[in-house]
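Tertiary structure, described
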Amino acid sequence: MLIGSGNGLAKCLKSTEALESALHVIKGSTTGLDILRIVQPGCDPIFSFLSINYGFIADVDTESEVYRWAGPARLTMYGIQRMLKLRKYGVKVWYLPSHTAVHHPEITQKPDVPDQEAAAKFHPRHGPPVTHPFPHGTDPTLHGWRLYEGKVVAVELCNAPWLSYEHLIAPYSGLGDGHMDLIIMDEQMTSMKLAGLMLSPEDAKHVGLESVHYVKAKAVFFQPQEDRGVFNIDGEAVERTEALVDIIEQAVNVFGPADRKSHEWEPEQLPGPGLNTHTHHGQSAPLPTMQQKQQPGDSAASPQPPADTPARIADAVQILTV
């Protein structure tokens, strides 16, 4: 029996039933779990085991508290309401791609020395030092960082493939793979596209859409450009400010099946650069488009909402307003 609204980690560990969980404990089978660390200026670090959200999913998760009595259905109920009045937020998201963090042959110019005083604001007060600090006061691209800038519907930083027991958000994510999965839904995402995705969230059909950008990263520096929106960490709203996110690898062990597959989909199928586009100093550059894993018999890469989607939405709204 599931307890709670999301149960994303339980889904990843195949522990959605009490008996399953008890058997994992009895067998003593464990798996390593990375932890995301969020450092904001003047604050103690915050730790996340599941996801960090800004935009649509964060709004739904936080603002749907008014429907807490509905259990997990509250997310669907409020998601429909929020989808009909889709918000878009201005952001700057600096990210250090995993392949760049290991090897960056394209960087030939000697990087400037970062501003240590500015960087000190994002040094955690507790725990190990930041492995990949953001190079304040220099051109971050010379240190391997990349920038996504513009309006977005949602920004997701994922430490696990399943956001909830029915929502596969980051299929290339592994609980202990040493990477975070950055997913950005840009302003081209529409209510109708979201409606099609919400009808089968377990299929990860958002992956491969031109309006969705996906990259595996070692660190992210998040800069909100608007004084609105919810910054949500594992279901809890926190202060919306600049934030440096890095990874503490294999920080904890959790009970789970010893034979658990690390990733839902094979990471080798993820193109190196990952994001469809990125911008820097106002310039856009196309990058390889992420391709969704095709199942036998599939012919279309991009999901299309069923013809009766408007009617379904109308029926749902009518139920919510009764």
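Here the structure is a predicted model, which means the values were calculated and not measured.

1. A few points about the packing of helix 4 (residues 73–84) against helix 7 (residues 191–198)
- The interhelical angle for the contact between helix 4 and helix 7, taken along N-to-C directions, is 160°, at an axis separation of 10 Å. As summarised for this structure, helix 4 and helix 7 are arranged roughly antiparallel, according to the angle between their axes. Taken as a pair, helix 4 and helix 7 cross one another with a handedness that is left-handed. Seen from helix 4, the contacting residues are Thr76, Gly79, Ile80 and Met83; seen from helix 7, they are Ser191, Leu194, Ala195 and Met198.

2. Observations regarding the pattern of salt bridges
- Considering all chains together, one arrives at eleven salt bridges under this definition.
- The salt bridge partner of Glu63 is Arg82, with a shortest N-O separation of 4.0 Å. Residue Glu63 is located in helix 3 (residues 56–63), and its partner Arg82 is located in helix 4; the two are separated by 19 residues in the primary sequence.
- Residue Glu63 is classed as partly exposed on the basis of its relative accessible area of 24%.

3. Focus: empty space enclosed by the protein
- All told, the structure shown has two cavities of 30 Å³ or more when counted by the stated rule.
- For the largest cavity, the calculated volume is near 50 Å³.
- In terms of lining, the largest cavity is formed by Ile52, Asn53, Tyr54, Val155, Leu157, Val220, Phe222, Phe231 and Val245.
- At the level of secondary structure, the elements contributing two or more residues to the lining of the largest cavity comprise strand 3 (51–55), strand 5 (146–158) and strand 9 (212–224).
- If one sorts the elements of the lining of the largest cavity by residue count, strand 3 sits on top with three residues.

4. Comments concerning the nonpolar core
- Counting residues in each nonpolar core, the largest one holds 37 residues, and the members touching the most others are Phe56, Ile169, Leu175, Ile183, Met185, Met189 and Leu194.
- Setting aside residues up to four positions removed in sequence, Met185 forms contacts with Val152, Val153, Ala154, Leu194, His206, Ser211 and Val212.
- Counting 24 residues, the second largest nonpolar core, distinct from the first, contains Val91, Met180, Val215 and Val245.

5. Some remarks on the confidence of the model for the chain
- Scored by pLDDT, the chain has a mean of 77; 73% of the residues are at 70 or more.
- Per-element mean pLDDT across the chain ranges from 34 in strand 14 (residues 283–286) up to 95 in strand 5.
- Note on residues 103–108: pLDDT under 50 across the span, and six contacts to partners over four residues away in sequence or across chains.
- In the model, residues 312–322 has pLDDT below 50 throughout and makes twelve contacts with residues more than four positions away in sequence or in other chains.

6. Notes on the packing of aromatic side chains
- All told, the structure shown has eight aromatic pairs when counted by the stated rule.
- Positioned over the ring face of Trp162 is Lys11, at 4.7 Å from the centre of the ring.

7. A short note on the packing of helix 3 against helix 4
- Where helix 3 contacts helix 4, the two axes come as close as 9 Å, and the packing angle between them is 125°. Comparing the axis directions of helix 3 and helix 4 gives the class oblique. Both helix 3 and helix 4 take part in a crossing whose hand is right-handed. Between helix 3 and helix 4, the residues in contact are Phe56, Asp59, Val60, Asp61 and Glu63 and Arg74, Leu75, Tyr78, Gly79, Arg82 and Met83, respectively.
- Of the residues in the contact of helix 3 with helix 4, the class split is five nonpolar, one polar and five charged.

8. A short note on the layout of surface pockets
- By volume, the largest pocket amounts to about 830 Å³.
- Lining of the largest pocket is provided by 41 residues; of these, Ile57, Leu75, Leu163, Ser164 and His167 occupy positions nearest its centre.
- If you list the elements that add at least two residues to the lining of the largest pocket, you get helix 1 (8–12), strand 3, helix 3, helix 4, strand 6 (162–164), strand 7 (167–168) and helix 7.
- For the lining of the largest pocket, a count of residues per class yields 18 nonpolar, 15 polar and eight charged.

9. What about the pairing of strand 4 (residues 89–97)?
- Here strand 4 lies mainly inside the structure; eight of its nine residues are buried.
- Relative to strand 5, strand 4 runs antiparallel, the two sharing seven bridges. Counterpart to Tyr89 in the pairing with strand 5 is Val152.
- As judged from the seven bridges shared by strand 4 and strand 9, these two strands associate in the antiparallel manner. Along strand 9, the bridge assignment pairs Pro97 with Ala217.

10. A closer look at the side chain of Lys218
- Inspection of the secondary structure puts Lys218 in strand 9.
- Overall, the relative accessible area of 14% leaves Lys218 in the buried class.
- Polar side-chain contacts of Lys218 include one of 2.7 Å to the backbone oxygen of Gly178.
- Looking at Lys218, its side chain comes within polar contact range of the side chain of Glu249, at 3.1 Å.

11. As for helix 4
- For helix 4, with twelve residues, the first-to-last C-alpha span of 17 Å sits near the 16 Å given by 1.5 Å per residue.
- Arg74, Met77, Tyr78, Gly79, Ile80, Arg82 and Met83 are the residues of helix 4 that are buried.

About the thresholds
Residues numbered from 1 in each chain as written. Predicted model: local features only at pLDDT ≥ 70, side-chain atom pairs only at ≥ 80, totals over all residues. Heavy atoms only, no water. Axes fitted to C-alpha atoms, helices over the stretch in contact; angles between N-to-C directions. Helix = DSSP H or I, 4+ residues; strand = E, 2+ residues; numbered from the N terminus. Parallel < 35°, antiparallel > 145°, perpendicular 65-115°, else oblique. Left-handed = near helix turned anticlockwise from the far one by under 90°. Contact = heavy atoms within 4.5 Å. Salt bridge = Lys/Arg side-chain N within 4 Å of Asp/Glu carboxyl O. Buried < 20%, exposed > 50% of the residue type's maximum accessible area, 1.4 Å probe, protein only. 1 Å grid on protein atoms, 1.4 Å probe; cavity = no way out; pocket = protein on both sides within 12 Å on 5 of 7 lines; lining within 4 Å. Points joined across faces, edges and corners; volume = space filled by probe spheres on them. Core = buried A, V, L, I, M, F, W, Y, C linked by side-chain atoms within 4.5 Å. pLDDT = per-residue confidence, 0-100. Phe/Tyr/Trp six-rings, centres within 6.5 Å; stacked < 30°, edge-to-face > 60°. Lys NZ or Arg CZ within 6 Å of the ring centre and 35° of its normal. Nonpolar A, V, L, I, M, F, W, Y, C, P; charged D, E, K, R; others polar. Pairing = 2+ DSSP bridges. Polar contact = N/O pair within 3.5 Å; in protein donor to acceptor, adjacent residues only side chain to side chain. Expected span 1.5 Å × (residues − 1).

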